[in-house]
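Summary of the model geometry
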Amino acid sequence: MRHLRAKTITLSLLVIGLTVILGRIAIHELFQDPIAELDKTLNKLDTSLSESEAREVADHDAIPPYQGFVGSNHCVECHPEISQAYSTHPMGRSAGLAENFPENPSSTDEELFLAPYASSYDVRLAYEVQEEDRKVFHTEQALSSEGNELCRREVEMDFAIGSGQRGHSYVYYADGHLYMSPITWYSGSETWGLSPGYEKENLHFERKILDGCINCHVGRAAHVASRPHVFQPNPIIELSISCERCHGPGEDHIAFHRGELTTGTSRDPILNPSKLDQPYRNDVCFQCHLQGVSRVTHADKKDYDFRAGQALSDIWTVFLKGTKVEGKTTQAVGQSEQMLSSRCFMESQGEMSCTSCHDPHSLPTAENRIEFYRSKCLHCHQDGGTVECSLPRPQRLEIDSADSCINCHMPKLEANDVPHTAQTDHRILRQPSQTSQSDVDSEISVYQESRLAPEVIDRDSAVFMVRQAEAINDKVLANLTIPKLVSWVDEHPQDAETLSILGTAYAITGVNNTEAIIALEKALKFNSQSEYTLRQLTYLFHDLGDLETAAAYGEKLLGLNDSEYQYLGRMAHILGRLKRMDEAIKYGAKAAELQPWNFQIQGWLTEAYRLTNQPEKAEYHRILYEATRPRGEALEKD
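A brief report on the enclosed structure follows. Note that the coordinates shown come from a computational prediction; the quantities given were computed from them, not determined experimentally.

Calculation criteria
- Every chain is numbered independently, its residues counted from 1 as its sequence is written.
- Thresholds applied to this predicted model are a pLDDT of at least 70 for local features of residues and 80 or more for the giving and counting of side-chain atom pairs; totals over whole chains, interfaces and linings are not thresholded and use all residues.
- The side-chain values count all of the structure's non-hydrogen atoms but skip hydrogen atoms and water molecules.
- Counting from the N terminus, the helices are the DSSP runs of H or I reaching at least four residues and the strands are the DSSP runs of E reaching at least two.
- Classification of residues uses two cut-offs on accessible area relative to the type maximum, computed with a 1.4 Å probe and protein chains only: under 20% is buried, over 50% is exposed, and between them is partly exposed.
- Only the protein chains shown count as cover for residues, and all accessible areas are computed by the Shrake-Rupley method using a 1.4 Å probe.
- Among the buried residues, those of types Ala, Val, Leu, Ile, Met, Phe, Trp, Tyr and Cys that are joined through side-chain atoms within 4.5 Å form a nonpolar core.
- Only heavy atoms matter for contacts: two residues are in contact if any of them lie within 4.5 Å across the pair.
- Any two strands with at least two DSSP bridges between them are considered paired.
- Only the stretch in contact is used when a helix axis is fitted, and all axes are lines through C-alpha atoms; the angle between N-to-C directions ranges over 0 to 180 degrees.
- Only a pair of cysteine sulfur atoms within 2.5 Å qualifies as a disulfide here.
- Note on definitions: the grid is 1 Å and covers protein atoms alone; a cavity is a set of points where a 1.4 Å probe fits but cannot get out; a pocket is an open set with protein on both sides within 12 Å along at least five of seven lines; lining residues have an atom within 4 Å of a point.
- Grid points are joined across faces, edges and corners, and a volume is the space filled by probe spheres set on the points.
- Lys, Arg, Asp and Glu make up the charged group, whereas Ala, Val, Leu, Ile, Met, Phe, Trp, Tyr, Cys and Pro make up the nonpolar group; the residues left over, Gly among them, are polar.
- Only residues whose relative accessible area exceeds 30% and that form no salt bridge are eligible for patches; like-charged ones are grouped when within 9 Å, while nonpolar side chains (Val, Leu, Ile, Met, Phe, Trp, Tyr) are grouped when within 5 Å.
- Just to be clear on terms, a salt bridge is a Lys or Arg side-chain nitrogen sitting within 4 Å of an Asp or Glu carboxyl oxygen.
- The charge count treats Lys and Arg as positive and Asp and Glu as negative. His and the chain ends do not count.
- Charge positions come from single atoms, namely NZ of Lys, CZ of Arg, CG of Asp or CD of Glu.
- For a helix, the expected span equals 1.5 Å multiplied by the number of residues minus one.

Focus: the overall build of the chain
Secondary structure assignment for the chain yields 22 helices and 20 strands. Buried residues in the chain amount to 52% of all 638 residues. Accessible surface, the chain as shown: approximately 29,700 Å² in total, 49% of it carbon and sulfur.

Structure follows, in structure tokens:
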């Protein structure tokens, strides 16, 4: 077995996405005069649909996600030039099989990536990447203060997410779920590092990939319609962002050109986004590139429901907070908010869109990049065919020798939530010195608020607030959401998801446990396959000391998902309290396999084996507990 070496990346590509890594502009060679070739192809797509007709194409109420989708491979026959160009575009390379991604040129067979020390722990985590028979393995080890290995976990990776400009994050499939690797390859620094967000909270191999994440990173996901964040055994149908994500389903389009369409329409049913008016045109891009501080899917919608031609507010309530710029840093996914705040956008009277500057099918070459974007600026800023910057040319050349508009007015900002990356400032500032301005104190607003019914905003804002309250156990915040949620479920009594959120809000307050149980059990009645609801009920009854009921719900929860160490650890504790030690140890041991450096699991197993008169196993886990526990943490006896 040898270390995986990432092959030299010759194409400069982006990583698509949210919460993992996301970019906008990249450079690599296409073919001679790509813009002219692409314009020819785009003209073939110009079906001159009116606004209402374009919306009709996108309308798909009660139609399952991806219905009529055929895959980008069906586009190649009639659109070879644009397909070739798009295959080298970052969106056309947004994901792939882990075994096909580049090797790391800087690693050696003796080299491990060491995570930074945590100040309160003596243990240190180390990582290695290995390849054998075209299989890629990521290994996490816990090392003692002397550098000795205490325990390890090795996981085979299935997919690499990202096009490579910024890096690749790795994902594996287990029991219906997708999980993220704790390490990411960062192309700019040519180094392995902790995955985005892991420096603040290392979730090891347990960070679950949610529907909203995977939907923006791949073309199509084989999700299970009845269960959020659950996928079929072959979880990804089309790896890279597909043509149909921007142009709508291709099945009828193909049938129309073959003379096989039976609907009797005289128009090609494919969608040309350039024919859409605002906000629908930008929302084609914003479906992935406007994440806000939070997105809440409407009660009757799923993340997979959006189709080009709709407004984001048809599917989500998107909560915005400023431009995500703080000093000279920004969040990795913030370009859309920045563009919306720019003077260029606000004074364009709805004309400016993402595609005013970005060709969604191709990228300018390295040689023509500066002139390409200069021409985009001059399209609006020219006066009689020429325009003079407010700075004299000699002074401009001192700032940037290429006299680049974007290098000056859209400088790079360091991404403060993704290591080793930078992000172009899309505020398009007139004065480069304004880059240091910050709007971290901005108030939260709702994107396309006027299009949303007040009761929908109330419901979705309450869901957003409960998520925040749950993360920090904020009883006051949770209590504020209850009237809005009660009002919603009074009108929608079979809305299982909102009932679960209401039950969670009650439980967080700590004084409404009866109401919490009623809401959660009612939610389970309408959706017995809800992992979220079963988890809440298991935890709530455990915390209340009703161990028999907690065990009953815990068994159902583990029947849906027994790959979460938290569930297994809870079940071990519940059964241990019920004196069902053999079963409890079984769950505790499996939790330790998934999370061997978790000192709480190791401490519990130490006591469990001691109580069942298994001294050798008790001593083994005591050693791991002592090595992995925070300083000052004492072993609890149950």
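Structural notes on the nonpolar core
Within the largest apolar cluster, 62 residues are counted, with the highest numbers of intra-cluster contacts made by Leu-485, Leu-502, Leu-575, Tyr-587 and Trp-604. With residues near it in sequence (within four places) discarded, Leu-502 still touches Ile-482, Leu-485, Val-486, Val-489 and Ala-519. By size, the runner-up hydrophobic cluster in this structure holds 41 residues, among which are Val-155, Tyr-170, Ile-183 and Phe-205.

Observations concerning the sheet that holds strand β20 (residues 444–446)
Spatially, β14-β15-β20 is the arrangement adopted by the three strands of the open sheet, whose pairing is antiparallel. The open sheet terminates on both sides in strands that have one partner only, identified here as β14 (294–297) and β20. The average undirected angle you get between the axes of adjacent strands in this sheet is 25 degrees. When β14 meets strand β15 (residues 316–321), the two strands line up antiparallel, connected through four bridges. Note that in β15 the partner of Arg-295 across the bridge is Val-318. Helix-sheet contacts for helix α13 (residues 454–472) involve β14, β15 and β20, and the interaxial angle to β14 is about 125 degrees.

Regarding the state of the cysteines
On inspection of all chains with the given rule, the structure shows one disulfide. Each sulfur in the disulfide pair Cys-216 and Cys-288 lies 2.4 Å from the other. The chirality of the disulfide connecting Cys-216 with Cys-288 is left-handed, given an S-S dihedral of about -95 degrees. Separated by 72 residues along the polypeptide, Cys-216 in helix α4 (residues 211–217) and Cys-288 in helix α7 (residues 280–289) bring together distant segments of the chain. Unpaired in this structure, Cys-213 has its nearest cysteine sulfur neighbour in Cys-216, at a distance of 8.2 Å. In this structure Cys-405 is not part of a disulfide, and its nearest cysteine sulfur, from Cys-377, lies 4.4 Å away. Judged by its relative accessible area of 21%, Cys-405 is partly exposed.

Overview of the sheet that holds strand β19 (residues 422–424)
One open sheet holds the four strands; their spatial order is β16-β17-β18-β19, and the pairing between them is mixed. A single partner strand is all that each edge strand has here, and the edge strands are β16 (325–326) and β19. Alignment of β16 against strand β17 (residues 329–330), held across two bridges, turns out to be antiparallel. Residue Val-325 lies in a different strand from β17, and its bridge partner there is Thr-330.

Considering empty space enclosed by the protein
On inspection of all chains with the given rule, the structure shows two cavities of 30 Å³ or more. Of the volumes computed, that of the largest cavity is approximately 100 Å³. Residue lining of the largest cavity: 16 residues in total, with Phe-69, Arg-245, Tyr-304, Phe-306 and Arg-307 positioned closest to the centre. Its residues assigned to classes, the lining of the largest cavity shows seven nonpolar, four polar and five charged.

Notes on a negative patch on the surface
Taken together, the side chains of Glu-455, Asp-458, Asp-490 and Glu-491 present a region of like negative charge at the surface. Only α13 and α14 (475–491) provide two or more residues apiece to the negative patch. Along the chain, Asp-490 turns up in helix α14.

Quick word on the pattern of salt bridges
On inspection of all chains with the given rule, the structure shows 24 salt bridges. The partner of Glu-238 in a salt bridge is Arg-220, and the shortest N-O contact between them spans 3.8 Å. Taken together, the positions of Glu-238 in strand β13 (residues 231–238) and Arg-220 in strand β12 (residues 220–223) put the pair 18 residues apart, joining distant regions of the chain. When sorted by exposure, Glu-238 lands in the same class as Arg-220, which is buried. Where Arg-427 meets Asp-425, a salt bridge forms, and the shortest distance between an N and an O atom there is 2.8 Å.

A look at the pairing of strand β10 (residues 191–194)
In this sheet, β10 lies alongside strand β9 (residues 177–186) in antiparallel orientation, the contact comprising four bridges. Residue pairing across strands places Trp-185 opposite Trp-192, the latter belonging to β10. Here β9 folds back onto β10 in antiparallel fashion, the turn holding four residues, of which Glu-190 has a positive phi close to 50 degrees.

Thoughts on unusual backbone geometry
The phi dihedral of His-204 is positive, around 55 degrees, even though this residue is not glycine. Here Asn-473, not a glycine, exhibits a phi torsion of approximately 55 degrees, which is positive. For Asn-473, the position within the fold is in the loop between α13 and α14. Take Asn-473: its relative accessible area is 48%, and that puts it in the partly exposed class.

Quick look at helix α20 (residues 581–594)
Note on helix geometry: an α-helix contains 3.6 residues per turn, so any two residues three or four positions apart are oriented the same way. Its 14 residues give α20 an end-to-end C-alpha distance of 20 Å, which sits within 8% of 20 Å, the value for a rise of 1.5 Å per residue. Buried within α20 we find Met-581, Ala-584, Ile-585, Tyr-587, Gly-588, Ala-591, Ala-592 and Leu-594. On its buried face, α20 sits against β6 (149–157), α18 (547–560), α19 (565–577) and α21 (599–611).

Here's the deal with the environment of Ala-592
Checked against the element boundaries, Ala-592 lands in helix α20. As for Ala-592 and Leu-605, which are separated by 13 residues in sequence, their C-alpha atoms are 8.6 Å apart. Once residues lying within four places of it in the same chain are set aside, the contact partners of Ala-592 are Ile-601, Gln-602 and Leu-605.

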